[in-house]
Amino acid sequence: MNKSEFVAALALHGAMSKADAEKCYQVFRHTLETELLVAGKITFPGFCSVEIVDKPARKARNPATGQEIEVPAKKSIKFKAGKEFADKVNH
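Residues numbered from 1 in each chain as written. Predicted model: local features only at pLDDT ≥ 70, side-chain atom pairs only at ≥ 80, totals over all residues. Heavy atoms only, no water.

Caption draft 1: Local environment of the overall build of the chain. In terms of helices and strands, the chain carries three helices and five strands. The helix and strand sequence of the chain, counted from the amino end, reads α-α-β-β-β-β-β-α. The globule rule puts the C-alpha radius of gyration for 91 residues at 12 Å, and the 19 Å found for the chain is more than 25% above it. Burial status across the chain gives 12% buried among its 91 residues. Across the chain, every contact between residues at least 6 apart in sequence was considered, and the portion connecting residues at least 24 apart equals 27%. Roughly 7,400 Å² of accessible area belongs to the chain as shown, and the carbon and sulfur atoms make up 60% of that amount. The average position of the 15 basic charges and that of the 11 acidic charges among the side chains of the chain differ by 4 Å. (Helix = DSSP H or I, 4+ residues; strand = E, 2+ residues; numbered from the N terminus. Rg over C-alpha atoms; globule rule 2.2 N^0.38 Å. Buried < 20%, exposed > 50% of the residue type's maximum accessible area, 1.4 Å probe, protein only. Contact = heavy atoms within 4.5 Å. Areas by Shrake-Rupley, 256 points an atom, 1.4 Å probe, with all protein chains shown as cover. Lys, Arg positive; Asp, Glu negative; His and termini not counted. Charge placed at Lys NZ, Arg CZ, Asp CG, Glu CD.)

Caption draft 2: Inspection of the pairing of strand β2 (residues 48-55) at higher detail. The pairing of strand β1 (residues 41-44) with β2 spans four bridges and is classified as antiparallel. The partner of Thr43 across the bridge, within β2, is Ser49. Counting the residues in the hairpin turn of β1 and β2 gives three residues, including Gly46, whose phi is positive at 85°. Note: β2 against strand β5 (residues 74-81), eight bridges, orientation antiparallel. Bridged to Val53 within β5 is Ser76. (Pairing = 2+ DSSP bridges.)

Caption draft 3: Structural detail: the pattern of salt bridges. The final tally for this structure, using the stated rule, is six salt bridges. A salt bridge links Lys3 to Glu22; its shortest N-O distance comes to 3.0 Å. With Lys3 in helix α1 (residues 3-14) and Glu22 in helix α2 (residues 18-39), this residue pair connects regions lying 19 residues apart in the sequence. According to the relative accessible area criterion, Lys3 is partly exposed, its value standing at 37%. Owing to a relative accessible area of 26%, Glu22 belongs among the partly exposed residues under this scheme. Put simply, Glu68 and Arg61 hold a salt bridge, and the shortest N to O gap is 3.7 Å. With a relative accessible area of 45%, Glu68 lands in the partly exposed category. (Salt bridge = Lys/Arg side-chain N within 4 Å of Asp/Glu carboxyl O.)

Caption draft 4: Broad picture of the sheet that holds β5. Read from one edge to the other, the open sheet built from three strands follows the order β1-β2-β5, with strand pairing classed as antiparallel. Pairing within the sheet leaves two strands with one partner each, and these edge strands are β1 and β5. Between one strand and the next, the sheet's axes are offset by a mean angle of 25°, whatever the strand orientation. Contacts between α2 and the sheet are confined to β1, β2 and β5, with β1 contributing the most and set at about 130° to the helix. (Axes fitted to C-alpha atoms, helices over the stretch in contact; angles between N-to-C directions.)

Below you can see the structure in the form of structure tokens.
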């Protein structure tokens, strides 16, 4: 499912127009992106939690040449499904 298919499904389930569903999607995404930077972790009980985690610098190997390279530290996003959501997927 791509974004436009998701927006169409959101419109169908939410009994709204596709334009309103697109706006809801954009507002949700913008809010998640901005507030995650501030809070560091956002939890939707039963559904999921999303948090920013620090990945330390590490050494890796270029598979083509075998040369060792330094991979810099970075921030990453961790998504963990909540129990209710995971249970629905596993049924």
